[in-house]
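Architecture at a glance
What follows is the residue order along each chain.
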Amino acid sequence: MYTEKVMDHFNNPRNVGEMENPDGVGEVGNAKCGDIMRIYLDIEGDIIKDVKFKTFGCGAAVATSSMVTEMVKGKTIDEAMVISNAAVAEALGGLPETKMHCSNLAADALHKAIGNYRDKQQTKE
Amino acid sequence: MRVYLDHSATTPVDPEVAALMMTYYTEKYGNPSSVHGFGREAKQALEQARSQVAELIGATPKEVTFTSGGTEADNLAILGTAEALRKKGKHIITSCIEHHAVLETCEYLEKNGFDLTVIPVNEEGILSVDEVKKAIRPDTILISVMHANNEVGSIQPIAEIGRLTKEHGITFHVDAVQSLGKIPINVDEMNVDLMTVSSHKIYGPKGVGALYIRKGVRVVPMAHGGGQEKRRRAGTENTPGIIGFGKACELAGQRMADDTKHQTKLRDKLMNGISERIEYVKVNGPLGEKRLPNNVNVSIRYVEGESLLLSLDMLGIAASSGSACTSGSLDPSHVLLAMGLVHEIAHGSLRFTLGRQNTEAEIDYLLEQLPKIVERLRMMSPLYDQVIHKQQAQ
């Protein structure tokens with residue numbers, strides 16, 4: 001039901017973990033639905049230097065989280081903002097139809113983390 | 001190592017059963033309705049199978065109608081009774097932990113003018129006879145309750161409900177798909193009028209089941225166009241399948257005591273082993289006598305069921321889960337929710353169902369691997385962070 005790439009990211013997820021004093025944090029989903037994704041960002045200038053994630057959820061939830069962290073490392077925040085959930089799914093070679101809605105939220109978590117970073121910047125100014 | 005722990009989903013066909021069936025595909029392939037010798041030998045074997053099924057549930061052969069499986073038998077029982085008794089009344093009672101083949105058939109009738117009462121269960125997944133009693137109305141025509149639950153293995157008070165239905169003259173249907181061959185069944189002692197049984201859960205082939213219909217109970221057929229099965233189910237019989245089912249029933253009867261002993265031992269070893277080795281685990285369903293001998297169901301907190309299944313599958317271990325991802329909807333198992341579990345704990349449920357061929361070594365392997373899987377997934381889980389932080393603070 002999952003592609004090899006999904007299973008690879010599920011079994012060997014990239015960038016799992018937390019971050020002390022992150023520049024931005026974003027969380028989406030809730031335990032009731034069975035999916036929670038949290039993304040931490042370390043941003044220098046407007047470049048994403050490092051990214052970590054923690055996810056509670058199914059195989060697709062873990063794999064999309066892992067994939068999105070790989071896709072944004074080293075990118076500018078503007079570049080990261082245009083990455084969509086669909087693009088993450090595509091990078092994984094596709095997801096089962098039923099997973100496209102419920103477990104494909106990693107880009108949303110990323111955008112929320114960037115939003116959090118921008119909010120913090122504004123308060124500083 | 002490949003370890004199959006999903007016997008409530010389906011079982012392998014017993015080699016003795018498969019060998020017998022093969023004869024009826026390639027040599028004794030006659031149509032049981034034909035008058036010639038080919039037909040007669042098929043008919044004779046078909047009737048022997050009917051006796052074997054009847055024997056396992058304490059019925060007479062004439063009361064057994066073969067179907068394409070448990071789902072069709074459930075549909076025939078419920079729709080056929082509703083049709084037969086619609087002038088007498090329009091009220092149906094069932095439980096909230098039924099298989100979807102029963103629940104959705106009852107809901108279909110509800111949409112078509114019948115009244116439906118769905119009885120709740122307690123936290124062990126067992127319904128209360130008092131609740132059933134309270135739900136009975138003068139126009140109640142049918143009560144449908146499963147013998148044992150497929151997810152948590154809880155055994156329902158069927159005989160007590162049977163006394164009630166007999167007293168009130170209500171048709172009583174029991175889905176015994178999960179209990180057949182695992183615990184003793186006697187349709188007379190239980191006062192059951194209709195009983196659903198299935199072949200592929202007891203080492204018989206898929207695509208075969210039966211509905212027990214007590215003598216004198218009327219069920220309107222759904223399939224028309226042939227006189228087979230005493231006009232209750234038209235269509236040429238799946239002779240090899242039915243003969244395999246019969247043989248599987250005979251074997252199940254012979255092996256029940258040994259199977260129960262073997263599986264109860266493995267069940268308790270697995271259930272205790274998980275509780276000892278993994279923190280924050282909840283056993284779902286009753287303990288001891290009120291639980292099927294082959295069922296283990298646990299919720300592992302802070303992790304999600306499908307992730308557990310995928311990780312187990314990578315190691316060759318087959319199990320199932322009540323998480324939303326595996327139920328095909330956005331909600332986790334209706335059974336676990338009905339037992340009062342909150343969504344996030346229901347999402348982390350795992351079901352292991354044992355079979356004849358499972359060994360202690362397989363359970364040891366699972367008990368060795370599962371804690372590592374849980375640890376890995378918990379380290380990834382934002383829900384577990386809170387637990388770790390709390391532990392560190394202490």
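Each value, and the rule that gives it
Residues numbered from 1 in each chain as written. Chains lettered and ligands numbered in written order. Predicted model: local features only at pLDDT ≥ 70, side-chain atom pairs only at ≥ 80, totals over all residues. Helix = DSSP H or I, 4+ residues; strand = E, 2+ residues; numbered from the N terminus. Rg over C-alpha atoms; globule rule 2.2 N^0.38 Å. Buried ≥ 20, exposed ≤ 12 C-beta atoms within 10 Å, placed from the backbone. Contact = placed C-beta atoms within 7 Å. Nonpolar A, V, L, I, M, F, W, Y, C, P; charged D, E, K, R; others polar. Expected span 1.5 Å × (residues − 1). pLDDT = per-residue confidence, 0-100. Pairing = 2+ DSSP bridges. Axes fitted to C-alpha atoms, helices over the stretch in contact; angles between N-to-C directions. Left-handed = near helix turned anticlockwise from the far one by under 90°. Domains from an automatic or database assignment. Core = buried A, V, L, I, M, F, W, Y, C linked by C-beta atoms within 7 Å.

Let us now look at the overall build of chain B. When helices and strands are counted, chain B shows 13 helices and 12 strands. Relative to a compact globule of 394 residues, whose C-alpha radius of gyration would be 21 Å, chain B shows 22 Å and is just as compact. For chain B, the spread of C-alpha atoms along the three principal axes comes to 80 × 55 × 35 Å. Counting the 394 residues in chain B, one finds 52% classified as buried. By sequence separation, contacts in chain B at least 24 residues apart represent 71% of the contacts at least 6 residues apart.

In this assembly, 20 residues from chain B lie in contact with 20 residues from chain A. Elements with a minimum of two residues in the side of chain B that touches chain A: α8 (305-314), α9 (324-327), α11 (343-346) and α13 (382-393) of chain B. The dominant element in the side of chain B that touches chain A, judged by the number of residues it contributes, is α8 of chain B, at four residues. Considering only residue class, the side of chain B that touches chain A consists of 10 nonpolar, six polar and four charged.

Our next topic: helix α6 (residues 106-124) of chain A. Between the first and last C-alpha of α6 of chain A there are 27 Å, a value that for 19 residues agrees with the 27 Å anticipated at 1.5 Å per step. Taken together, the buried positions of α6 of chain A are occupied by A106, A107, A109, L110, H111, A113, I114 and Y117 of chain A.

Low-pLDDT stretches of the model should not have their predicted coordinates read in fine detail. Per-residue confidence for chain A gives a mean pLDDT of 94, with 100% of residues at or over 70. Across chain A, the element-wise mean pLDDT spans from 78 in helix α5 (residues 99-102) of chain A up to 97 in strand β3 (residues 47-56) of chain A.

Residue and element names in this part refer to chain B. The seven strands lie next to each other as β2-β8-β7-β6-β5-β3-β4, forming an open sheet whose pairing is mixed. Of all the strands in the sheet, just β2 (64-67) and β4 (115-119) have a single pairing partner and so form its edges. Put simply, the sheet's adjacent strands are angled 20° from each other on average, direction ignored. Here strand β3 (residues 91-95) pairs with strand β5 (residues 140-146) via four bridges, running parallel. Along β5, the bridge assignment pairs T94 with S144.

Attention now goes to unusual backbone geometry. Where the residue is not glycine, phi is negative for most of them; where a peptide bond is considered, it is trans in most cases. For N21 of chain A, which is not a glycine, the phi torsion comes out positive at approximately 45°. Residue classification places N21 of chain A among the exposed positions, given that 6 C-beta atoms sit within 10 Å. At R231 of chain B, a residue that is not glycine, the phi angle is positive and equals roughly 65°.

Take the packing of helix α2 (residues 37-57) of chain B against helix α7 (residues 239-277) of chain B next. All names here are of chain B. Following both chains from N to C, one finds α2 and α7 inclined at 35°, their axes separated by 8 Å at the closest point. Crossing handedness for the pair α2 and α7: left-handed. On α7, the residues that touch A42, A45, L46, Q48, A49, Q52, V53, E55 and L56 of α2 are T239, I242, I243, F245, G246, K247, C249, E250, A252 and G253. Residues of the contact of α2 with α7, tallied by class, amount to 11 nonpolar, five polar and three charged.

It is worth spelling out the pairing of strand β8 (residues 209-213) of chain B at this point. Residue and element names in this part refer to chain B. Among the five residues that make up β8, five are buried, leaving the element largely enclosed by the rest of the structure. The side-chain alternation of β8 yields two buried faces, one formed by G209, L211 and I213 and the other by A210 and Y212. Taken together, the four bridges between β2 and β8 define a ladder with antiparallel strand orientation. Across the sheet, the residue bridging to V64 is Y212, located in β8. With five bridges connecting them, strand β7 (residues 194-198) and β8 associate as antiparallel partners.

The next point concerns the domain arrangement of chain B. Residue and element names in this part refer to chain B. The domain architecture assigned to chain B consists of domain 1 (3-8 + 255-393) and domain 2 (15-252). With centres defined by C-alpha atoms, the gap from domain 1 to domain 2 works out at 30 Å. Taken residue by residue, the interface counts 22 residues in domain 1 and 24 residues in domain 2. For the side of domain 1 that touches domain 2, the secondary-structure elements that each account for two or more residues are α7, β10 (295-300) and α10 (334-338). Examining the composition of the side of domain 1 that touches domain 2, we find that four residues originate from one element, α10, more than from any other. Here the side of domain 1 that touches domain 2 is built from residues that sort into eight nonpolar, 10 polar and four charged.

Now for the nonpolar core. In summary, soluble globular proteins display a tendency toward joint burial of nonpolar side chains. One finds V53, I57, M195 and Y212 of chain B to be the most contacted residues of the largest nonpolar core, which totals 79 residues. A per-element tally of this core places α2 of chain B first, with eight residues. Both of domain 1 (3-8 + 255-393) and domain 2 (15-252) of chain B provide at least three residues apiece to this core. Residue contacts for I57 of chain B: discarding those within four places in its chain leaves I185, V187, M195, V197 and Y212 of chain B. Residues L41 and I48 of chain A together with F352 and L354 of chain B belong to the second largest nonpolar core, which totals 64 residues.

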